Amino acid sequence: MIPETVEGYGVRLRPTRSADAPDLVAGCTDPETRRYLPALPEPYDADSARWWIAEGEPAVWAAGGCAYAIADPDTDRLLGGVGLTRLAPARGDFEIGYWVAPWARGRGVATAATRLLGERALAAGAARLELLTHRENEPSQRTALACGYRYEGVRRGASASRDGVRHDLVAWVRLADDPPGPTARLLPDLPGGRLTDGVVTLRRLEPADADALHRLHTLPEVVANRVPPVPPDRESIGRRCRLAAGYWLAGDAADLAVLDAATGALVGGCALGYDEPVTGQASLGYSLLPEARGRGLATRAVRLLAGWAFDAGVARLWAGTRVENLASQRVLERAGFRREGLSRGRMPGTEGTRVDSVVFGRLASDRD
C-alpha cells in the first residue's frame, strides 16, 4: 500500500486540496499540458478542478490506482500531478503518468516524481510499470530513461487529439527486477550537442531543417538511393525532422544535419541506423546539396560520425552505394572504409527492378 503522502528527490506527493484549485486550473489550461493530455475537459475551469479534487482523484484510488499532486516540499505549492492506473490486476501491471505546471518545468520535477512513485509502487508489489509518451515529446522520453524505463515499442494510433487525429505513443517499461538507476542509452547525445572539425559541423536534425532537407532528398541523384527510389513529400520530411529526437533516444537512429562550420548553413545530411545492436553493427548514409560537393565535406562528416559511433560502443559500421556512384565510394574509402563486396539486387529500383549495391565496412579496430 502506497502512503497518502510521499516525499523524496526534492518533491512531495500528496492529495490535491481545495487550495490547489487556482494552480490546477492554470496548469491544465496551459497549451503544452493540453497538447499531451487531450482528455482534459474543455474548457478546464474552477468547476473542473473542484470535480477532480472531490471525485476524480478519489475514483482513481477506488479503482486500485493512485493519484497525487506534486508539490514543492518547501512551499507546498502545486507543481503538477502524477499517478498510477491499474491495467491488469492479476499481472501487477500499472501505467504511470504525470503532468508538470509551466512554472515548474526545467527543474527535474517529472523525473523526481516518476522515480519516487515508481519506487514506492514496485516496493508495494507492482511487477510492471508502463509509461507512454508522444513520439514528439522529447522531455518525457528523457524522463523515462532517467527513471530506468526501457524502450519497448510503439503503440500505433493509441492517442487521439482534440481534432480526432490519432497519434502513436511510445511505450517505456520498468520491471520490478530491473537494475536501479537510469537506462543506459545505445546512442548517447553528441558532446555539447554537436560534432565539428572546424570545417563541418554535425548536429541532430531539427524541425526547422525540413525545407532544406526536402530539397536535398528530392534531387534525382539522391532519390535514386532512397528506399524505395521515390521522392518524399514535404510532410514526410517534416515528420522525420520532428521525430529525430525520439528515434535517437530510443536507440534506433541518429539523424543529423551537416552544416558548413563557417556559415552555419545546412549543406547536407547524414544518419546512423543501429540495425543490429546485438552484434554492435550500425549502418551509415550521407548526402550533400550540389553547392557543397567537391570540397571534401562528405568525407569529413563521415569521419566525424564514425568516430562518435565507435566511441559510443558501435563495433562495426557498414555502408552501401550504387555500383555507378564512384564519388560516394571514394568518400567511404577516404574515411577509412574498406570495400567488402557486391550485394546483388539488394536495393529496390524503379518499375519492380532490383539494383546491386557495393558494400563497404569499417571496424572499431580499424581506427587510426
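The structure we're discussing is the one just above.
This is a predicted model, so every value here is computed, not measured.

Let us look at the packing of aromatic side chains. Tallied over the full model, the rule gives 4 aromatic pairs. Here the aromatic rings of tryptophan 51 and tryptophan 52 are separated by 6.5 Å at their centres, their planes lie at 45 degrees, and the arrangement is tilted. Taking relative accessible area as the criterion, tryptophan 51 reaches 46% and is therefore assigned partly exposed. With a centroid separation of 5.5 Å and an interplanar angle of 80 degrees, the aromatic rings of tryptophan 61 and tyrosine 68 are classed as edge-to-face. The exposure class of tryptophan 61 is partly exposed, given its relative accessible area of 27%. Judged by its relative accessible area of 3%, tyrosine 68 is buried. The aromatic ring of tryptophan 103 is capped on one face by arginine 77, whose charged end is 4.3 Å from the ring centroid. Against the face of tyrosine 9 rests arginine 115, its NZ or CZ located 5.3 Å from the ring centre.

The final tally for this structure, using the stated rule, is 36 salt bridges. Aspartate 30 is paired through a salt bridge with arginine 105; the nearest N and O atoms lie 2.8 Å apart. Note that aspartate 30 is positioned in the loop between helix H1 (21-28) and helix H2 (31-36) and arginine 105 in the loop between strand E5 (93-100) and helix H4 (109-123), a separation of 75 residues in sequence. With a relative accessible area of 14%, aspartate 30 lands in the buried category.

Let us now look at the sheet that holds strand E8 (residues 166-175). In space, the 8 strands of this open sheet follow the order E1-E2-E3-E4-E5-E6-E8-E7, with mixed pairing throughout. In this open sheet, the two edge strands, each paired with only one partner strand, are strand E1 (6-8) and strand E7 (150-160). Mean inter-strand twist for the sheet, computed between neighbouring axes without regard to direction, equals 25 degrees. As paired elements, E7 and E8 share 7 bridges and run antiparallel to each other. Within the sheet, the bridge partner assigned to serine 159 lies in E8 and is histidine 167. Against the sheet, helix H5 (residues 138-146) contacts E5, strand E6 (128-134) and E8, and its axis sits at roughly 160 degrees relative to E6.

Further remarks concern unusual backbone geometry. Omega for the bond connecting glutamate 42 with proline 43 falls within 30 degrees of zero, at 0 degrees, which places this linkage in the cis form. Turning to its location among the elements, proline 43 is positioned in the loop between H2 and helix H3 (46-62). Cis geometry marks the peptide bond from valine 227 to proline 228, where omega comes out at -10 degrees. Following the sequence through the fold, proline 228 ends up in the loop between helix H7 (220-223) and helix H8 (234-242). With a phi close to 55 degrees, tyrosine 9 is a non-glycine residue in the positive phi region. Tracing the backbone shows tyrosine 9 in the loop between E1 and strand E2 (11-14).

Here is what the cut-offs are and how they apply
- The residue numbers shown here count from 1 along each chain, following its written sequence.
- Local features in this predicted model are restricted to residues of pLDDT 70 or higher, and side-chain atom pairs are both shown and tallied only at a pLDDT of 80 or more, whereas totals for entire chains, interfaces and linings draw on every residue.
- As a convention, hydrogens and water are excluded, and side-chain values are obtained from all of the structure's heavy atoms.
- Ring pairs are drawn from Phe, Tyr and Trp, using the six-membered ring of Trp, whenever the two centres fall within 6.5 Å, and their geometry is named by plane angle: stacked under 30 degrees, edge-to-face over 60, tilted for the rest.
- Under the scheme applied here, a residue whose accessible area is under 20% of the maximum for its type counts as buried, over 50% as exposed, and between as partly exposed, the area being computed with a 1.4 Å probe on protein chains only.
- Criterion for a charge above a ring: Lys NZ or Arg CZ within 6 Å of the ring centre, and within 35 degrees of the ring normal.
- What counts as a salt bridge is simple: a side-chain nitrogen of Lys or Arg found within 4 Å of a carboxyl oxygen of Asp or Glu.
- The way it works is that DSSP assigns letters per residue, a run of H or I at least four long becomes a helix, a run of E at least two long becomes a strand, and they are numbered from the N terminus.
- Strands qualify as paired when DSSP identifies two bridges or more between them.
- Fitted lines through C-alpha atoms give the axes, limited to the stretch in contact for helices. The angle between two N-to-C directions lies from 0 to 180 degrees.
- Throughout, a residue-residue contact means that at least one pair of heavy atoms, one from each residue, lies within 4.5 Å.

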